[in-house]
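Fold and contact review
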Amino acid sequence: MTDRKSFDILVLEGDGIGPEVAAEALKVLDAAGEGAGLEFHYHHALVGGAAIDEEGAPISQETMRKAEAADAIILGAVGGPKWDDLPTLERPEQGLLGLRMRLDLFANLRPATVFEPLADASTLKREVVSGIDLLVVRELVSDLYFGEPRGVKSSDEGRVAFNTMRYSDREISRVARVAFDAALRRRRKVTSVDKANVLEVSGLWREVVCEVAREYPDVELDHQYVDNCSMQLIRDPSQFDVILTGNMFGDILSDEAAMLTGSIGMLPSASLGADFALYEPVHGSAPDIAGQDRANPLATILSIAMLLEITCKDAESAGRVRSAVERVLNDGYRTADIIGEGEDPVPCSRMGDLVVEAVRRG
Ligand code: IPM
Ligand code: MG
């Protein structure tokens, strides 16, 4: 643990179920902090559709400055049907993408672990998902998401829309190092995912990943094309330890990996740069169940465990939160998304309380 005991946290609840899941996560963070002598000071600001409505943009400069001043950021979710007709660059998602870019959060860590009591909640067979423990390391500030030129124009063929897939060697090597470092703390295997049979960008990706791999002789490296990887993830996910991939492929593969765990409501993430860290669930704003106390807060709560481990450098508290989640699931409590036949769901807020109690019991 660091000597630092007090942390400024910027909370960006966002839209839809964002405020509900963020509220439960903060309760858990406080409970974990009490036990470990950690103090958290929360600052709140708007992002996404909420910010568009109140402040006229998906994220304000003021909020960007608050983010830069914080030790960590917790984000709920952004987006919703209300803002679906806005042009791409004015949508709620730009709040999140703008933050990632401004804070240079280039490495997105998305661990997918199957909690044993949930092995039956997956749409895949228990024997396929049981014991899965993989980590997707997704590059987060380049690729098709940010490449220029982009846009829509009129031409002789009618309207033409275009985006640019691009990576520099430096962008590839820095995220590759994050993946290899993570593999050293895990089962020492990296699977790099690309489309090198078709794309120049992927050719460079593969070359640079191989160069970085030479610095890590103890880590095994293999390569998969993205189409094959998406098949392997549901055919035999136990072959994976760390999956290293770009922004666009990582967006798609991480949703797929999430479903192995039973529900996308279970998958946490950390977005890390050299100086900043943002923690958020992988799921979206789920407008269909917003405001009904029916969401699953566990992805955000597990993101809190990542915050404790990475920002507070307190692996013990992080472990306590993860064990608390496991115990609550073992005791049979389920939100609606992970419920089995004939079981009654607990509300979002009750799930948060149960985890808090389990954290306090230690
Ligand atoms: C994610 C989300 C975001 C992304 C959206 C909300 C912009 O899908 O974090 O995976 O595409 O990166
Ligand atoms: Mg996504």
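Along each chain, the written sequence defines residue order, and numbers are assigned to residues from 1. Each chain gets a letter, beginning with A, and each ligand a number, beginning with 1, in the order they are written. Selection of residues for local features in this predicted model requires a pLDDT of at least 70, selection of side-chain atom pairs for listing and counting requires 80 or more, and totals for whole chains, interfaces and linings are taken over all residues. Based on all heavy atoms of the structure, the side-chain values leave hydrogens and waters out of the count.

1. Observations regarding the state of the cysteines
What counts, and what does not: Two cysteine sulfurs form what is called a disulfide whenever their separation falls within 2.5 Å. Exposure classes here rest on a 1.4 Å probe applied to the protein chains alone. A residue is buried below 20% of its type maximum, exposed above 50%, and partly exposed in between.
Taken as a whole and judged by the stated rule, the model has zero disulfides. Among the cysteines around Cys229, which has no disulfide bond, Cys210 carries the closest sulfur, lying 16 Å off. The exposure class of Cys229 is buried, given its relative accessible area of 0%.

2. Some remarks on the packing of aromatic side chains
So the rule is basically this: Note on aromatic pairs: the rings of Phe, Tyr and Trp (six-membered ring only in Trp) are paired at centre separations within 6.5 Å, and the planes decide the class, stacked below 30 degrees, edge-to-face beyond 60, tilted for the rest. The criterion for a charge sitting over a ring is simple: Lys NZ or Arg CZ within 6 Å of the ring centre, and within 35 degrees of the ring normal.
Counted under the stated rule, the structure contains four aromatic pairs. In this structure, Lys153 packs its charged tip against the face of Phe162, placed 5.3 Å from the ring centre.

3. Things to note about the pattern of salt bridges
Defined as follows: For this analysis, a salt bridge means a side-chain nitrogen from Lys or Arg found within 4 Å of a carboxyl oxygen belonging to Asp or Glu. Elements are defined by DSSP. Helices are runs of H or I of four residues or more, strands are runs of E of two residues or more, and each kind is numbered from the N terminus.
Tallying each qualifying case throughout the model produces 23 salt bridges. Between Lys27 and Asp353 there is a salt bridge, and its shortest N-O distance comes to 2.8 Å. Taken as a pair, Lys27 in helix α1 (residues 18–36) and Asp353 in helix α12 (residues 348–361) lie far apart in primary sequence, 326 residues in all. Residue classification places Lys27 among the partly exposed positions, given a relative accessible area of 30%. Residues joined in a network through salt bridges with shared partners are Asp133, Arg186, Arg187 and Asp241.

4. Some points on the domain arrangement of the protein
The cut-off we apply is this: Each domain span listed reflects an automatic or database assignment of domains. Contacts are residue-level and defined by heavy atoms, with any inter-residue pair within 4.5 Å sufficient. When two components associate, each loses some accessible surface as probed by a 1.4 Å sphere; the sum of these losses over both components is called the buried area.
Its domain assignment divides the protein into domain 1 (1–132 + 262–362) and domain 2 (134–260). On a C-alpha basis, the centroid separation for the pair domain 1 and domain 2 is 24 Å. Contacts between the two partners involve 26 residues from domain 1 and, on the opposite side, 24 residues from domain 2. Contact between domain 1 and domain 2 buries roughly 2,300 Å² in total, counting both sides, with carbon and sulfur atoms accounting for 65%.

5. As for the side chain of Thr63
We apply this condition: Under this definition, polar contacts are N or O atom pairs within 3.5 Å; protein pairs additionally need one hydrogen-donor-capable and one acceptor-capable atom, and for neighbouring residues in sequence, both atoms have to be side-chain atoms.
In this fold, Thr63 is placed in helix α3 (residues 61–69). On the basis of relative accessibility, which here comes to 2%, the residue Thr63 falls in the buried class. At 3.0 Å, the side chain of Thr63 forms a polar contact with the side chain of Ser60. Those residues in contact with Thr63, other than ones at most four positions away along the chain, are Leu10, Leu12, Ala45, Leu46 and Glu55.

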